[in-house]
Amino acid sequence: MSKIYTRTGDKGQTSLFTGQRVPKNDPYIEALGSVDECNCAIGAALAHLPKDPRFHKYQEQLETIQHTLFDLGAALATPRSSAADAKIKKTRFDHDGVTALENWMDEMENELPKLQSFILPGGHTCGSLLHLARSISRRAERHVVPIYNHADVSEDVLMYLNRLSDYLFMASRQINHLLGAPETIWEQHKGIKPM
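If you're wondering where the values come from, they're calculated on a predicted model, not measured in any experiment.

Observations concerning the side chain of Thr-68
Residue position: Thr-68 is located in helix α2 (residues 56–76). A residue is classified by how much of its surface remains accessible, and Thr-68, at 14% relative accessible area, is buried. Leave out the neighbours within four places in its chain, and Thr-68 touches Phe-93 and Tyr-160.

Digging into the nonpolar core
One finds Ile-65 and Tyr-167 to be the most contacted residues of the largest nonpolar core, which totals 43 residues. Elements represented by at least two residues in this core include exactly α1 (27–47), α2, α4 (96–109), α5 (125–149) and α6 (155–178). It is α6 that contributes the most residues to this core, 10 residues altogether.

Examining the side chain of Gln-66
Structurally, Gln-66 can be placed in helix α2. Beyond its immediate stretch of four places on either side in the chain, Gln-66 contacts Asn-39, Ile-42, Gly-43 and Leu-46.

Considering the pattern of salt bridges
Evaluation of the coordinates by the stated rule reveals 8 salt bridges. Note that Glu-107 and Lys-57 form a salt bridge whose closest N and O atoms lie 2.4 Å from each other. A residue pair is termed long-range when its members are at least 10 positions apart, and Glu-107 in helix α4 and Lys-57 in helix α2 qualify at 50 residues. Across the pair Glu-141 and Arg-138 runs a salt bridge whose closest N-O atoms are separated by 3.1 Å. Placement of the pair is Glu-141 and Arg-138 together in helix α5, with a separation of 3 residues, close to one helical turn. Salt bridges sharing common partners tie together Arg-138, Glu-141 and Asp-166.

Quick word on the packing of aromatic side chains
Taken as a whole and judged by the stated rule, the model has 3 aromatic pairs. The interplanar angle of 80° and the centroid separation of 5.6 Å between the aromatic rings of Phe-93 and Tyr-160 together place this pair among those described as edge-to-face. Highlighted residues: Phe-93 in the loop between α3 (85–90) and α4 and Tyr-160 in helix α6, separated in sequence by 67 residues. Tyr-160 shares its class with Phe-93; the two are buried.

Concerning the environment of Glu-60
Along the chain, Glu-60 falls in helix α2. Along the backbone, Glu-60 and Leu-46 are 14 residues apart, and their C-alpha atoms lie at a distance of 9.9 Å.

Basis of the calculations
- Residues numbered from 1 in each chain as written.
- Predicted model: local features only at pLDDT ≥ 70, side-chain atom pairs only at ≥ 80, totals over all residues.
- Heavy atoms only, no water.
- Helix = DSSP H or I, 4+ residues; strand = E, 2+ residues; numbered from the N terminus.
- Buried < 20%, exposed > 50% of the residue type's maximum accessible area, 1.4 Å probe, protein only.
- Contact = heavy atoms within 4.5 Å.
- Core = buried A, V, L, I, M, F, W, Y, C linked by side-chain atoms within 4.5 Å.
- Salt bridge = Lys/Arg side-chain N within 4 Å of Asp/Glu carboxyl O.
- Phe/Tyr/Trp six-rings, centres within 6.5 Å; stacked < 30°, edge-to-face > 60°.

What follows is the structure in structure tokens.
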């Protein structure tokens, strides 16, 4: 990589992988930004993951997800309706990531207590940050829907983001469970009681 600053974005534009210049608030850039935010939140969660052998596999899973989100971003930055075949092939995003997330969730589901109600985001700092990453992944999914509807990204990209939010919810619960951080059950708000 060359210098971090290029001066090419000083007028509010940036480039997709195709070379196409688009405004920085273009739907593709909004989607890429949400994917990046999700990745950053996962990184913050990892920084708070205890250095304990019980958590090694979750560290590996979350780091794998971070790499996969870079691959997903490359696919998003390569609109299939306008990119050359060579670039589409180079940034192809397949179903393997979705399968991995499902397998990891199945394993956690066998270890976690069953949910009887909605829970509030929280718990240990790591678990809380994974809840934050989950909500950002949902936003990324919402940004990708119109791009998918224009056939500019594969179904596997959309499926991965959908499954990722589920995985992050499960991982948050699992880490909180292993650390003994209790889950706060949602209760319907009945208004503020008078003093």
